[in-house]
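Examining the three-dimensional arrangement
Okay, here's what each chain looks like letter by letter:
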Amino acid sequence: MTGDTATATPDYKDTLLLPQTDFPMRAGLPKREPDWLERWERIGVYERLREKEGREEFELHDGPPYANGNLHIGHALNKILKDMVVRSAQMRGFNSRYIPGWDCHGLPIEWKIEEQYRKKGQNKDEVPINDLRAECRAFAEHWIGVQREEFKRLGVIGEWENPYLTMDYDAEAVIAEDFMKFLMNGSLYQGSKPVMWSPIEKTALAEAEVEYHEHQSHTIWVKFPVVAYRDNTAEVFEDANPPLAEHAEEIADLIKQSKIVIWTTTPWTIPQNRAISFNPTIEYGLYRVTDAPEDNWAKTGELLMLADKLAEEVMTQARVTSWEHVRKVNQTELRCISCSHPFRGLVDPAEKEENRWDYPVPLIAGDHVTDDAGTGFVHTAPSHGADDYQVFIDNRAFHPSMKMTHNVLEAGEFRADLPFFGGLYILDRKGKEGKANRAVIDKLVECGALLARGRLTHSYPHSWRSKAPLIFRNTPQWFVAIDHKLDDGMGEFGDTIRERALTSIDKLVQWYPQAGRNRLHSMIASRPDWVLSRQRAWGVPLTCFTKKGALPSDPDFLLKDETVNARIVQAFRDEGADAWFAEGAKERFLGNDYNPEEWEQVTDILDVWFDSGTTHAFTLRDREHKWPASLYLEGTDQHRGWFHSSMLQACGTRGRAPYEGVLTHGFTLDEKGMKMSKSQMNAMSPNKVVEQYGADIMRLWVAQADYTDDQRIGPEILKGTADSYRRLRNTLRFMLGALGTAEAPEPAELPELERLILHRLAELDGEVRRGYEGYNFQAVIQKLFAFMTTELSAFYFDIRKDSLYCDAIDDPRRQACLFVMQALFDRLTTWLAPILCFTMEEVWLTRNPGDQSSVHLEDFPETPAAWRDDALAEKWADIRAARRVVNGALELARRDKVIGSSLEAAPKLYVPTADLANLLRGVELADICITSGIDVIEGKSPEDAFKLDDSGLAVIFAKAEGAKCARCWKTLPDVGSHEHPDTCSRCDRVLSS
């Protein structure tokens, strides 16, 4: 229309210096991360880091995972923690190497091959041993390849093409060589004592191979008749109490009529009973049954000996309706008693021979006996319990009739010639209860020895592989005596393995957290000798020979010859441990110096914990890396596993612990705090998490978790982690956009706000370094996340957007902001790189492109001490407090739709003191509060003023006067009075330039 003279408002958007970056808002981690992995391999990041000279070595020695399946969340947690340690140590200035490794031998792999044989109808024992071992090796090789790629996908950096494997020929040679050091130093011996035994797998198990599950057991109360009583105890026991009471003869007759009552949850061990244990500190009494049902197993008139504290409970279990306390029984009297075995006098018609149980059952003292449950007397079968065995050893000199029994065979069945029970199994081949328990109980009923019976659900040891219950079984095994004095010239920290280990724990090792020290110390202090032997096929053999016809106690029982040892080591290095099982091996290794007919070749396999305990030798020592390792890092279960076996092995072969630090983490649970398992359908695969979210989300979850406790993970937790990641990414993206590609020269002077941010960087530099040094990744990410989201995004960037967008490109204030942003970029990308390794590489290359560029080749930049300004920070604490009050008032105005933007406001801020008023007037408070203006008024505020607290700060809302600048959107009185329409003076000046 020709009559329309209205002029449109100019569009100044193109004149703004808005952020420009190719860094995408959406990360697309699952698709992009593999490209970064390929790039790191192509440019050789790990290898180039090794070229940095003059650095102190830092060595995290990898605890080997087992090569028998895909990774689970626990694996991911462990390896990501290790990677954060390795990367952060490198960026702190160390030469931080990481050699991944795998445990390859042992029962789990052999069990898998046996399962394949069973499906084909084959018997493992009929397969040539080296054929079986070859299949085990191939199985391990397959899973090493699978797991290697899964670990690399998590961003874990290391020598993946040169890992250590316990089944490498050189590793097997070193394992055998170090085993023979125990042979030569005299600590190796063959003994016969109860060990954890798996009838299903037919082998001894180490404590670390045992897990505990709820199990229902039979409980039985059994009567052992007293058949002998001596009052000459003082002649036999030097520490006997004064002579018995003056009515000794009467007491003796009374005791001889009584029956000792024991309680056990393993009825199958009754045929192996050789003694009854009591505790001298417990009060015992003689109790007479005065009334009981006619069909009861407890008969009226019977005299039963029980702990006083447990008498009522026992009588209740036995359905005794009334009883009386006859007299107390003291420890001197107890030591005089011998009982008969409940099966004494029974003869199996099929056997037609002398009774097997015709021997005295003495009462012996033992500290392990308590009156918390049972009867106060403990049935003692030294072939089937650790406490039973020890009390047997302590007392056998006084009771020559006590003997070790060997009634239970390797598959958990009674030997065929055992009367009544021969051939019966304790557990069937599926790990369920066999017929042995019930047969023993039935026999006890038949001979009138049972007092009561029941069921008990309790925590019971199971094999972690077959999941079947275990038994204690006495078998000949090979042990290392950890209290044997070693004359090896390495006694700086003690003469025995135990002494060296305890000294190492207290003086040589740092613990993260400290509770790990207490746990391992108590285990080492109380542990028995180390059982090394396993009755399996896949592993490194115990490379030793025994003299035929000699006893284990004989000096010449074991062959100790360094020349023979050297032959074995060299053969293993050339051919692997299979050489031990090859035809003619005995003759080959003994050579011409010994007659093969006079020696037996041991065929047991070393405990796999000895394998893994030796890894420090062939991974660090033999590769000429730092020894001892800087750090071992595993789950809390490894106090009884890898940390433990490595300690024992190194103290026996190197004289001290193989590590300077030990870090332990908890287990991974689902979102409800439940243990993950396939049966519960709550297990999460790290592969699926990576496919959905990307590895950096999982790495962020690890960093945010308190790894010293059990961690939880699940869909909702991962969503929260992904949200945190997005907030961090957006902050970084804004910073990259503002920086663009230009360099940011350091200004001559910096405004206070920029100096404040540099001060915070100086503070964070120390906090981040201390966090990484103490492996406190949670503290690092919490501090950085809070800084980036609350101090940068919601404070500094929010304030400086106006300057970045609207000031002239060479404005000193804008230049100062860019300089600070460059300082932020240099530090945040490197500080976060050990955690978010993929994202920080992407961020770094956006600003520092180049074929050979990588953030992981950088160190944490040094931060000038001059940036620290505590007085300035204290001053700005008051300014930020004022900003919070103003923002609170503006938020109410927005809520009530009085304003849409804070730039429409020019509030009045009331402050209580002149000093504070002058301080606030001395800064650009309107810019800081993101308003178009602000009046600072000293004095008491009106009653209706907005307050947040009792600080005296208050705000009266007021709208800004003037018009809205079309370029910066501030409402100012001068808008419209300049050359460029609808602009303020600042924007007009920028446009003119």
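All residue numbers here refer to positions counted from 1 along the written sequence of the relevant chain. Per-residue local features are limited, in this predicted model, to residues with pLDDT of at least 70; the limit for side-chain atom pairs, both in listing and counting, is 80 or more; totals at the level of whole chains, interfaces and linings are taken over all residues. Processing note: side-chain calculations cover all non-hydrogen atoms of the structure and skip hydrogens and water entirely.

1. Some points on the nonpolar core
Counting residues in hydrophobic clusters, the biggest one holds 151 residues, and the most contacted among them are L824 and L909. The secondary structure listing takes helices from DSSP runs of H or I that are at least 4 residues long and strands from runs of E that are at least 2 residues long, numbered from the N terminus. In terms of residue count, helix α24 (residues 777-806) provides more of this core than any other element does, 13 residues in total. Buried Ala, Val, Leu, Ile, Met, Phe, Trp, Tyr and Cys residues that are joined via side-chain atoms within 4.5 Å together make up what is termed a nonpolar core. Only protein chains enter the accessibility calculation, which uses a 1.4 Å probe; a residue whose area is less than 20% of its type maximum is buried, one above 50% is exposed, and one in between is partly exposed. Within the second largest apolar cluster, 69 residues are counted, among which are A579, F581, A657 and Y659.

2. Topic: a negative patch on the surface
Patches were defined on residues exceeding 30% relative accessible area and lacking a salt bridge, with like-charge contacts within 9 Å and nonpolar side-chain contacts (Val, Leu, Ile, Met, Phe, Trp, Tyr) within 5 Å. Accessibility throughout is a Shrake-Rupley quantity obtained with a 1.4 Å probe, and a residue counts as covered only by protein chains that appear here. Whenever a carboxyl oxygen of Asp or Glu lies within 4 Å of a side-chain nitrogen of Lys or Arg, that contact is scored as a salt bridge. Charged residues are defined here as Lys and Arg on the positive side and Asp and Glu on the negative side; His and the ends of the chain fall outside this count. We put the charge of a Lys on NZ, of an Arg on CZ, of an Asp on CG and of a Glu on CD. Residues E583, E587, E597 and E598 make up a contiguous surface patch of negative charge. Along the chain, the position of E597 falls in the loop between α16 (585-590) and β22 (599-601). Relative accessible area serves as the criterion here: at 56%, E597 is assigned to the exposed category.

3. Topic: the packing of aromatic side chains
Two descriptors summarise a pair of aromatic rings, namely the distance from one centre to the other and the angle between the planes of the rings. Aromatic rings from Phe, Tyr and Trp, taking only the six-membered ring of Trp, are treated as a pair when their centres fall within 6.5 Å; an angle between ring planes under 30 degrees marks them as stacked, one over 60 as edge-to-face, and anything in between as tilted. As enumerated under the stated definition, the model contains 33 aromatic pairs in all. On the numbers, 6.3 Å between centres and 15° between planes, the contact of W357 with F420 is stacked. Pair noted here: W357 is in the loop between β13 (337-340) and β14 (360-365) and F420 is in the loop between α11 (386-395) and α12 (436-446), with a separation of 63 residues, a long-range link. Relative accessible area serves as the criterion here: at 2%, W357 is assigned to the buried category. Plain terms: the ring middles of Y707 and F777 are 6.3 Å apart, the flat faces sit at 45° to each other, and that makes the pair tilted. Remark: F777 occurs in helix α24 and Y707 occurs in the loop between α21 (695-704) and β27 (711-712); sequence separation between them is 70 residues. For the pair Y707 and F777, one class covers both residues: buried. In our convention, an over-ring charge means Lys NZ or Arg CZ found within 6 Å of a ring centre and within 35 degrees of that ring's normal. When the ring centre of W40 is taken as origin, the NZ or CZ atom of R87, which lies over that ring, is 5.2 Å away. The cationic tip of R118 hangs over the ring face of W111; the distance from NZ or CZ to the ring centre is 4.7 Å.

4. Points about the packing of helix α22 (residues 715-739) against helix α26 (residues 837-847)
Helix axes use the C-alpha atoms of the stretch in contact, all axes being lines fitted to C-alpha atoms, and the angles between their N-to-C directions lie in the range 0 to 180 degrees. Running from N to C, α22 and α26 cross one another at 10°; their axes reach a closest spacing of 11 Å. Between α22 and α26, the angle is such that the two are roughly parallel. Contacts between α22 and α26 involve Y725, R729, L732, L736 and L739 from the former and T839, M840, E842, V843, T846 and R847 from the latter. Think of it as three bins: nonpolar holds Ala, Val, Leu, Ile, Met, Phe, Trp, Tyr, Cys and Pro, charged holds Asp, Glu, Lys and Arg, and polar takes everything else, Gly as well. Here the residues of the contact of α22 with α26 are counted per class, giving six nonpolar, two polar and three charged. Each angle receives one of four descriptions, namely roughly parallel if under 35 degrees, roughly antiparallel if over 145, roughly perpendicular if within 65 to 115, and oblique otherwise. Any two residues whose heavy atoms approach within 4.5 Å at even a single point are treated as in contact.

5. Looking at the pattern of salt bridges
Scanning the entire structure with this criterion turns up 68 salt bridges. For K152, the salt bridge is made with E149, and the minimal N-O distance between the two is 3.7 Å. Placement of the pair is K152 and E149 together in helix α5 (residues 129-153), with a separation of three residues, close to one helical turn. Ionic pairing is found between D935 and K908, a salt bridge with its closest N-O pair at 3.5 Å. With a gap of 27 residues between them, D935 in strand β29 (residues 935-938) and K908 in strand β28 (residues 908-911) connect regions that are remote in the sequence. What makes D935 partly exposed here is its relative accessible area of 40%.

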